[in-house]
Amino acid sequence: GMEDWVEYVLIVVGAIIGMVPAMIIRPQDVKWYLALDRPNWLVFEKAIPIVWMFVYACGIVSACLVWWNEPNTFTTWTILISFLLVEIVIDLFNPVTLWTRNFLAGSIVGLIGFLMGIILTVQVLLSFAWAALLVIPFLLWSPCGSLLAWKLYQLNKADIAFPPNSFP
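Residues numbered from 1 in each chain as written. Predicted model: local features only at pLDDT ≥ 70, side-chain atom pairs only at ≥ 80, totals over all residues. Heavy atoms only, no water.

Student: Is there a simple way to explain the packing of aromatic side chains in this structure?
Tutor: Both the distance between ring centres and the angle between the ring planes are used here to describe each pair of aromatic rings. One pass over the full model with this rule turns up seven aromatic pairs. When the centroid spacing of 5.7 Å and the interplanar angle of 20° are considered together, the rings of Trp32 and Phe103 count as stacked. In this pair, Trp32 is assigned in helix α2 (residues 27–34) and Phe103 in helix α6 (residues 103–127), connecting sequence segments 71 residues apart. The pair formed by Trp32 and Phe103 is uniform in burial state, with each residue classed as buried. When the centroid spacing of 6.1 Å and the interplanar angle of 45° are considered together, the rings of Trp52 and Tyr56 count as tilted. Separated by four residues within a single helix, Trp52 and Tyr56 lie in helix α3 (residues 48–69), roughly one turn from each other. (Phe/Tyr/Trp six-rings, centres within 6.5 Å; stacked < 30°, edge-to-face > 60°. Helix = DSSP H or I, 4+ residues; strand = E, 2+ residues; numbered from the N terminus. Buried < 20%, exposed > 50% of the residue type's maximum accessible area, 1.4 Å probe, protein only.)

Listed below in structure tokens is the structure:
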């Protein structure tokens, strides 16, 4: 039945949505980003994509656990839609930041994603507490990304458009 294939769809859709930002980043955006000043403490920049892959994997496993715990109910579908919305919002961080050349805009997107993540965590906790543990990496890492974006904004104010440029 439907229960047999939904987890595979969750994994594939989660992975595809996770890759979309990388596919819509323009070369001029990367060039601009690489030229920015960085804080001295940012020694782990090359590991950031790996950390995000781990966070996404935890989210996908959490969504699968929620489904396996109570397949095909209204509550479960609501939680899965929440996972999807959180992933879409956090995926918007890089395109919004790079297209607008504005880390303040990125910080706002990150904050919205974090707040949505808190709501998601409560939803998951009420449904299946063990699955909520796998949302914790997002709750810990997401504010770090927003803080880094804010710091990059402060260090590079002269090179960053304000108010934000329009989208391409």
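Moving on from the coordinates now.
Student: Before we go on, may I ask you to explain the layout of surface pockets in this structure?
Tutor: Gaps between atoms show up when a probe of the same size as a water molecule is rolled over them. In this structure, the largest pocket occupies an estimated 1,200 Å³ of space. Taken together, 40 residues make up the lining of the largest pocket; nearest its centre are Ile48, Pro49, Trp52, Phe93 and Asn94. Looking at which element gives the most residues to the lining of the largest pocket, the answer is helix α8 (residues 136–155), with nine residues. Taken together, the residues of the lining of the largest pocket sort by class into 29 nonpolar, eight polar and three charged. The calculated volume of the second largest pocket comes to roughly 430 Å³. Every residue lining the second largest pocket is counted, 22 residues in all, and those nearest its centre are Ala63, Leu80, Phe83, Leu84 and Glu87. Listing elements by their share of the lining of the second largest pocket, those giving two or more residues are α1 (2–23), α3 and α4 (74–91). At eight residues, the largest contribution of residues to the lining of the second largest pocket is made by α4. Classifying every residue of the lining of the second largest pocket gives 19 nonpolar, two polar and one charged. (1 Å grid on protein atoms, 1.4 Å probe; cavity = no way out; pocket = protein on both sides within 12 Å on 5 of 7 lines; lining within 4 Å. Points joined across faces, edges and corners; volume = space filled by probe spheres on them. Nonpolar A, V, L, I, M, F, W, Y, C, P; charged D, E, K, R; others polar.)

Student: Explanation requested: the pattern of salt bridges in the structure shown.
Tutor: Opposite charge on two side chains permits them to pair, given that their charged atoms come into close proximity. On inspection of all chains with the given rule, the structure shows three salt bridges. Between Asp29 and Arg101 there is a salt bridge; the shortest N-O distance is 2.8 Å. Residue Asp29 is located in helix α2, and its partner Arg101 is located in the loop between α5 (93–100) and α6; the two are separated by 72 residues in the primary sequence. The same class applies to Asp29 as to Arg101, namely buried. One network of salt bridges, with partners in common, ties together Arg26, Asp29 and Arg101. (Salt bridge = Lys/Arg side-chain N within 4 Å of Asp/Glu carboxyl O.)

Student: Can you walk me through the side chain of Thr97 in this structure?
Tutor: Relative to the assigned elements, Thr97 resides in helix α5. Within the structure, Thr97 has its side chain in polar contact with the backbone oxygen of Phe93 (distance 2.7 Å). Residues in contact with Thr97, not counting those within four places in the same chain, are Trp32, Asn102, Phe103 and Gly106. (Polar contact = N/O pair within 3.5 Å; in protein donor to acceptor, adjacent residues only side chain to side chain. Contact = heavy atoms within 4.5 Å.)

Shape is all these values report; function is a separate question.
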